Structures are given as structure tokens and as C-alpha cells.
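# Close look at the chain arrangement
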Amino acid sequence: MLVLRLVLIKFHYQSDKAFIMKYPTLLLSTCVLRISPMRPLISFQRKVFTSAMEDHVKRTIKSYRQYAMSDASVMEIEVLSPTVLGLKLIVNDHNLTFCAGQWVDVFIPNISQIGGFSMCSPPLLMEQSHQIHLAVKKSSWPPAEWVHSSCKAGDKVQIRVGGDFYYDPPSNSQIPDLVFIAGGVGINPLLSIMLHLKTLFQTPNNEDNLPKRITLLHCAKQIEELLFQETISELKNALNKTFDYHYFVTRPTVSLAKQEDIRNCQFKESRITEEDLRMVISKSNKIDNLICFICGPPPMTDHFCSQLANMGVLPNQIKYEKWW
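Below, the structure is looked at part by part. (Residues numbered from 1 in each chain as written. Predicted model: local features only at pLDDT ≥ 70, side-chain atom pairs only at ≥ 80, totals over all residues. Heavy atoms only, no water.)

It is worth spelling out the overall build of the protein chain at this point. Per the secondary structure count, the protein chain includes 9 helices and 14 strands. Here the contacts in the protein chain between residues at least 6 apart in sequence split such that 72% fall between residues at least 24 apart. Accessible surface for the protein chain amounts to roughly 15,600 Å². Of this, 52% is attributable to carbon and sulfur atoms. (Helix = DSSP H or I, 4+ residues; strand = E, 2+ residues; numbered from the N terminus. Contact = heavy atoms within 4.5 Å. Areas by Shrake-Rupley, 256 points an atom, 1.4 Å probe, with all protein chains shown as cover.)

With that out of the way, let us pick up the sheet that holds strand β4 (residues 84-91). Pairing within the open sheet is antiparallel, and its 6 strands lie in the order β6-β5-β8-β3-β4-β7. The open sheet has two free edges, formed respectively by β6 (115-118) and β7 (131-137), since each of these has just one partner strand. Taken pair by pair, the neighbouring strands of this sheet meet at an average axis angle of 40°, ignoring direction. Relative to β6, strand β5 (residues 103-107) runs antiparallel, the two being bridged by 4 bridges. The residue bridging V104 from the neighbouring strand is F117, located in β6. The strands that helix α4 (residues 142-149) touches are β4, β6, β7 and β8 (156-162); relative to β7, the one it contacts most, it runs at about 100°. (Pairing = 2+ DSSP bridges. Axes fitted to C-alpha atoms, helices over the stretch in contact; angles between N-to-C directions.)

For the rest of this paragraph, the subject is the packing of aromatic side chains. Under the criterion given, the structure shown has 7 aromatic pairs. For the pair F180 and F293, a centre-to-centre distance of 5.4 Å together with 20° between the ring planes defines the contact as stacked. In this pair, F180 is assigned in strand β9 (residues 177-183) and F293 in strand β13 (residues 290-296), connecting sequence segments 113 residues apart. Looking at F293, the relative accessible area reads 0%, which means it is buried. Three or more aromatic residues joined by ring pairs form one cluster here, namely F165, Y167, F180 and F293. (Phe/Tyr/Trp six-rings, centres within 6.5 Å; stacked < 30°, edge-to-face > 60°. Buried < 20%, exposed > 50% of the residue type's maximum accessible area, 1.4 Å probe, protein only.)

For N110, which is not glycine, the phi torsion reads 70° and is therefore positive. Assignment of secondary structure puts N110 in the loop between β5 and β6. One non-glycine residue, F228, lies in positive phi territory at about 65°. Looking at where F228 falls in the secondary structure, it is placed in the loop between β10 (214-220) and α6 (229-239).

This is the structure in C-alpha cells:
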């Protein structure tokens, strides 16, 4: 592996997927650029050792970032839950590309802190309609507060793609079984990946390469915080018997039994337990033919990484993103 130490990078390139896959750890400042002749199919976990109180850029300083930025405009704002707003952006740079699961830096006028939000839309939407979709949870963090208190249709921002947590398998090779574990708004990058998989399922003559089993475990405090339930139900129809999902609610305020009848899916009043996880893992024919994606608060991701390791899942099969 060739290692080049760069002090300052001052070049511009077209932000295409080939560049992303070739230079996954490129940074905007002092960095190490690693060039490997055998690039893995997936770029995964980043280790963050800084305080959760520091801003997004400091927490992700070791993560890949594109150099190029693009202007974007807010198309639409929608209420996804009592605490989450959906943001639809139209992107000016029609050459912008990203891999399912990545996030964007968001530069907001008159806000000194840079936002960092995972995309919940697939790359195909950007290719076809020049759109990306975000789901932003309400908080006192200035970028999120702007979304919830000041943002309106027509507002201008700048965005820059980043992140090492993504999945972009080639369409001509076998995809292993997949397990997705989400905590709250941690569903965002996982939904992007699942919607991308739907595109692969719709590719003609690709049936033999598709995963035999895809499972989602999604946990939140209340039912209404389990985002994108309708979209996930549609995914179930599109992926047929391959896809299964389970919802977990830790502090329900309504009857879960009634919700099961209404939504035709099951809700469990608990956190995701070791038994739940073991049941999902056991359904895979071979434990070495499995990839697990986890996104949620740090304690949750650490907990499930440890449990999966105890079940015999290897470190290179466990991919995670920690959001604060």
C-alpha cells in the first residue's frame, strides 16, 4: 500500500463515484492518502474519539470528504414526526454523486457551525431528479435548530458529500445477507442503502446476485419516532420475501396491539434484545455470508458490535456509524 502524506490539498475534481471509491480517506487538511490496488466493496466504520459536545467537523475529521461543494435549495419541508423534519434539497451541481449511506456537510448562511446530516434518499434520486433528502431531529445544535425554526422553501445552502459508512456493491457479484440495526434517526443512512438495494433488485437478470435475506431492526422511544414506516412497508412489497423488518418501542404512549392491526406489522415493547439479534443472525445460512450495518447513538452501536462479535460475526462484517 502506498502512503502519501499531504500537508495541504488545493485541487478541484469532479465528484464522481469512481473518485470516492479510490480515495476513501481523503481529507481537506493534513492527512494520509492511502491508495490500494484492491479497494474493498464497502467503506465502513470510522472511529471517533472526541467529545460528543464538539461540532460535526471535529468529530468527523478523519472521515472522507469531497473537496467540491455544491449550491442547493430547499424544495420542501415536511413533518416526519413530532421531533423530526424532512428536508428535500434540489442540488445545482448535476455531476454530484454519492454512495448510499453517506452524509453531507451543510453550510447554512449566518450559521457558523457546519451541519452534518445523513442522506435518507438513494443515489438514483440524485441521478434522475438532482435531489437529496434529509431527516433532521430537533435539537439546540445550531444547524438543526435552523432547520426547525427558520428554514423555509427557497432557502439556499451549500453541501459537500462525506462519510466512510456506505454500501455500493457491484451489480455483477453475489450480495451477502444483510442486517440493518437502527436507533431513532439512525435509520437515515440505512434507508438510503435499502432504497439503493431496491434499485438493484429491479435490474434485469440480476436475481442470482441479490441477497437471500435482508432484515431491519428499528428501535425508538415512541411509535411516531419510527420514521419512514410507509416507505419501509413499500420496500417489503418490492423485495417480497427477501425483506423483513421488526419495530421496537421503549416508551409507547398508545396501544401497540392496535398499531399492529392498523399498520399490518409487529411492534415489540422493549429494546432490541440479544435474543432478537441472535434470531436474525441464525436465519442466515452461513454466518460468514452476512454483513451487519448499525447506526445510532454511540452506546447502542458499541453494544451491538460487542454482541455480534460474541455471536461469531467477524469485525469486517460489522459496519457502523455513530451519531451523537
